[in-house]
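Geometric and topological summary
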Amino acid sequence: KDTVAHAYVYYSNPDTANPCDAYVPFTLTTITITKEVHITRYAIAGIYYIKYVYIPKTVKTIGFAAFSYDYALLKIGITGEEDKHLESCFLPSNLTTIYEAAFYRCESFVSIVIPNSVTSMEYRIFAYCYNVTDLTVPFIGTSRTATGSEGLLSYMFAEMDAGGDRTLSTRLPG
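The structure reproduced in this document is the subject of the present report.

Scoring rules and cut-offs
- Just so you know, the residues in each chain are numbered from 1, in the order the chain's sequence is written.
- Two thresholds apply to this predicted model, a pLDDT of at least 70 for residue-level local features and 80 or more for giving and counting side-chain atom pairs, whereas whole-chain, interface and lining totals are computed over all residues.
- Side-chain figures throughout are based on the complete set of non-hydrogen atoms in the structure, without hydrogens or water.
- For the purposes of this entry, the term helix denotes a DSSP run of H or I that reaches at least four residues, the term strand denotes a run of E that reaches at least two, and both are numbered from the N terminus.
- Reported accessibility uses the Shrake-Rupley method at a 1.4 Å probe radius. Residues are deemed covered only where the shown protein chains occlude them.
- Put simply, buried Ala, Val, Leu, Ile, Met, Phe, Trp, Tyr and Cys residues joined by side-chain atoms within 4.5 Å make one nonpolar core.
- Burial classes: relative accessible area under 20% of the type maximum marks a residue as buried, over 50% as exposed, and values in between as partly exposed (1.4 Å probe, protein chains only).
- Geometry of aromatic contacts follows a simple scheme: Phe, Tyr and Trp rings, the Trp one being its six-membered ring, pair when their centres are within 6.5 Å, and the pair is stacked under 30 degrees between planes, edge-to-face over 60, tilted otherwise.
- Only when the NZ of Lys or the CZ of Arg is both within 6 Å of the ring centre and within 35 degrees of the ring normal is a charge said to sit over the ring.
- Following DSSP output, two strands are said to pair if at least two bridges run between them.

Scanning the protein chain from terminus to terminus reveals one helix and 13 strands. Along the protein chain, helices and strands appear, N-terminal first, in the series β-β-β-β-β-β-β-β-β-β-β-β-α-β. On the protein chain, roughly 8,900 Å² of surface is accessible, and the fraction owed to carbon and sulfur atoms is 51%.

As a rule of thumb, nonpolar side chains are buried together in soluble globular proteins. I62, F67, I76, L91, I98, F103 and F126 are the most contacted members of the largest nonpolar core, which totals 36 residues. Counting only elements with at least two residues in this core, the list comes to β5 (52-55) and α1 (153-157). If you look at the next biggest cluster of nonpolar residues, it comprises five residues, including A65, A101, Y104 and A127.

A few words on the packing of aromatic side chains. Counted by the stated rule, this structure contains eleven aromatic pairs. Seen from their ring centres, Y128 and Y130 are 5.8 Å apart, and the 75 degrees between their planes marks the pair as edge-to-face. We classify Y130 as partly exposed; its relative accessible area is 21%. Through pairs of rings, three or more aromatic residues link up here, namely Y48, Y69, Y71, Y104, Y128 and Y130. We note R105 situated over the ring of Y128; from NZ or CZ to the ring centre the distance is 3.9 Å.

Turning our eyes to something else, we now look at the sheet that holds strand β6 (residues 61-62). Strand-to-strand pairing in sheets goes through backbone hydrogen bonds, with the strands running parallel or antiparallel. Here four strands make up an open sheet; going across it, the order is β4-β6-β9-β11 and the pairing parallel. Where the open sheet ends on each side, the last strands, each with one partner, are β4 (38-39) and β11 (120-121). The pairing of β6 with strand β9 (residues 97-98) spans two bridges and is classified as parallel. Residue pairing across strands places I62 opposite I98, the latter belonging to β9.

Structure below.
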């Protein structure tokens, strides 16, 4: 029986480096990050069986495709508050920017809470998040002042083909 799965690992500068093959144990289902300000691009991408990720309150940015292709990811929560929030994706209140495709194909998310501190969300951050039924966001689109196609809910879910009778309720904090 295999005990490891294929994943991509990016070198110290993920913006300019090419991915290399790496293997991560199948037994790794939870990751707790204790001290970080930026979750870099592809940081935890492509680990298909990861279920829980906890990030510190200090995180200010989530990079391009940081959690992409984490199909089994059930929850992103806050380090030290592992049992506090039941939402699938509850992000820290210091977060300001979410880059493109950050949660691309996180197909197990049901509920997502984006804090009021966020000032920018790039294109298709939730593309192919098929099972989302509840979304709490500080604004719709790329920013509070977005207009045109960048001010649409579809901007956040672009390329998604949800199908069926799924309903998405959106709450804007007051």
